[in-house]
Amino acid sequence: LAHASDWSLVNVVETPANTRDALPLRKGTPNSANINRFGFYSDLVFDQKTGAWYALADRGPGGGLIDYATRVERLSIPFNKTTGAIGQPVIQKTMLFTGEDGLVFNGLNPLLLNGDKTMLGASFDPEGLAIGNGGHFFVADEYGPSVYEFTSSGQFIRALSTPENLKAVDASALYNYVDGRPTIVGGRQDNRGFEGLTFNKSGNKLYAVMQDPLVNEGSSNDGRRSRNVRVVEFDAVSGQSTAQFVYELESRTVINATNP
């Protein structure tokens, strides 16, 4: 195994902004806005069993203000084993994330999509992707924060159990999936839910990483307020959260001193 110091950048490939989704898609499916607008790389995962790459779009353009059907793209990426160079990814298939009711999960925030800040519904801001032993997609969401399991074709199976201390609540202890400070007094910061997602080596434990500390932690500063970022462990079979860890970020004092 080569050391990191031995690695070097071979080449960079840029996917054009006018790239289209694979065809055909399920046209006419409810809630399927912008279904031919290629979803780019919020996450990119390699499936060792199939040799395919999977690219995850997030909630789409507009920061939750534009109707956008969430999706995952299956890609092949040309690779030169001699030089290490890659070629332009080829889109093989586009799969929309679809709920039990036939609606496609949408990037609109809960107030715009559901008319209710307290109801998550089909609002979905996918950020992290992991592929389970059975080929199912596990997707981390920032709105909840949530972790959802889908079939390999994008059909919703279940939501894993999010710890209560991570859910955004207002002063009346009501869930609020839209607002930030000062309306939100506990749980995740707005647009700062689960960002990263991965399995352990055996595939029986799933780990979701919060993007930022919780809103109710630490002293007032530039938005960080705390150095604690949470990592949540889920049992992949039961879907229950089984542990919660804290990763402590560097202090701002140290960062400022080393990056004047």
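Residues numbered from 1 in each chain as written. Predicted model: local features only at pLDDT ≥ 70, side-chain atom pairs only at ≥ 80, totals over all residues. Heavy atoms only, no water.

**Student:** Before we move on, could you go through the nonpolar core and cite the residues and values that matter?
**Tutor:** Phe 137 and Phe 150 are the most contacted members of the largest nonpolar core, which has 20 residues in total. Elements represented by at least two residues in this core include exactly strand E2 (52-56), strand E5 (126-131), strand E6 (137-141) and strand E7 (146-150). The biggest single contributor to this core is E2, with three residues. Once you skip the residues sitting within four places of it in the chain, Phe 150 turns out to touch Phe 97, Phe 105, Phe 124, His 136, Phe 137, Val 139, Gln 155, Phe 156 and Ile 157. If you look at the next biggest cluster of nonpolar residues, it comprises 18 residues, including Phe 138, Leu 160, Leu 166 and Leu 249. (Core = buried A, V, L, I, M, F, W, Y, C linked by side-chain atoms within 4.5 Å. Buried < 20%, exposed > 50% of the residue type's maximum accessible area, 1.4 Å probe, protein only. Helix = DSSP H or I, 4+ residues; strand = E, 2+ residues; numbered from the N terminus. Contact = heavy atoms within 4.5 Å.)

**Student:** How would you sum up the environment of Glu 250? Please name residues and give values.
**Tutor:** Locating Glu 250 in the fold gives a position in the loop between strand E14 (241-248) and helix H2 (252-258). Assessed through its relative accessible area of 45%, Glu 250 is described here as partly exposed. Residues Glu 250 and Asn 18, 232 residues apart in the sequence, show an inter-C-alpha distance of 39 Å.

**Student:** Could you give an account of the sheet that holds strand E3 (residues 71-76), naming the residues involved and the relevant values?
**Tutor:** The sheet built from four strands is open, its strands ordered E1-E2-E3-E4 with antiparallel pairing. Strand pairing shows two members of the sheet lacking a second neighbour, strand E1 (43-47) and strand E4 (90-96), which therefore form its edges. Neighbour-to-neighbour, the strand axes of the sheet open up by a mean angle of 25 degrees, direction not taken into account. With four bridges joining them, E2 and E3 adopt antiparallel strand pairing. Within the sheet, the bridge partner assigned to Trp 53 lies in E3 and is Leu 75. (Pairing = 2+ DSSP bridges. Axes fitted to C-alpha atoms, helices over the stretch in contact; angles between N-to-C directions.)

**Student:** So what about the sheet that holds strand E12 (residues 205-210)? Which residues, and what values?
**Tutor:** Read from one edge to the other, the open sheet built from four strands follows the order E11-E12-E13-E14, with strand pairing classed as antiparallel. If you trace the sheet from one side to the other, it starts and ends with strand E11 (194-199) and E14, each paired once. The average undirected angle you get between the axes of adjacent strands in this sheet is 20 degrees. With seven bridges joining them, strand E13 (residues 228-235) and E14 adopt antiparallel strand pairing.

**Student:** Would you mind going over the environment of Glu 100 in detail, with residue names and values included?
**Tutor:** Its place among the elements puts Glu 100 in the loop between E4 and helix H1 (110-114). In this structure, the C-alpha to C-alpha distance between Glu 100 and Gly 239, residues 139 residues apart in sequence, is 18 Å. Glu 100 has contacts with Gln 155, Phe 156 and Ile 157, leaving out every residue within four places of it along the chain.

**Student:** Tell me what's going on with the pattern of salt bridges, and back it up with residues and numbers.
**Tutor:** Scanning the model with the defined rule gives nine salt bridges in all. The residue Asp 21 makes a salt bridge to Arg 71 at a minimum N-O spacing of 2.6 Å. Here the residue Asp 21 occupies a position in the segment before E1, and Arg 71 occupies one in strand E3, the gap between them amounting to 50 residues. Arg 71 carries the same exposure label as Asp 21, and that label is buried. A salt bridge links Arg 158 to Glu 149; the shortest N-O distance between them is 2.5 Å. (Salt bridge = Lys/Arg side-chain N within 4 Å of Asp/Glu carboxyl O.)

**Student:** Can you explain the side chain of Asn 109? Please cite residues and give values.
**Tutor:** Inspection of the secondary structure puts Asn 109 in the loop between E4 and H1. In this view, Asn 109 contacts Gly 64, Leu 65, Ser 123, Tyr 143 and Val 178; residues no more than four positions away in its chain are not counted.

**Student:** A description of the packing of aromatic side chains should follow, citing residues and the corresponding values.
**Tutor:** Any aromatic ring pair is given by two values, namely how distant the centres are and how the planes are angled relative to each other. In total, this model carries 17 aromatic pairs according to the counting rule given. Centroid distance Phe 105 to Tyr 148: 5.6 Å. Interplanar angle 40 degrees. Geometry classified as tilted. Here Phe 105 is found in the loop between E4 and H1, whereas its partner Tyr 148 is found in strand E7, with 43 residues between them in sequence. The pair Phe 105 / Tyr 148 is uniform in exposure class, with both members buried. Relative to Phe 156, the ring of Phe 105 has its centre 5.8 Å away and its plane inclined at 45 degrees; by these criteria the two rings are tilted. Of the two residues, Phe 105 is situated in the loop between E4 and H1 and Phe 156 in strand E8 (residues 156-159); the sequence distance between them amounts to 51 residues. You can call Phe 105 buried: its relative accessible area is 6%. (Phe/Tyr/Trp six-rings, centres within 6.5 Å; stacked < 30°, edge-to-face > 60°.)

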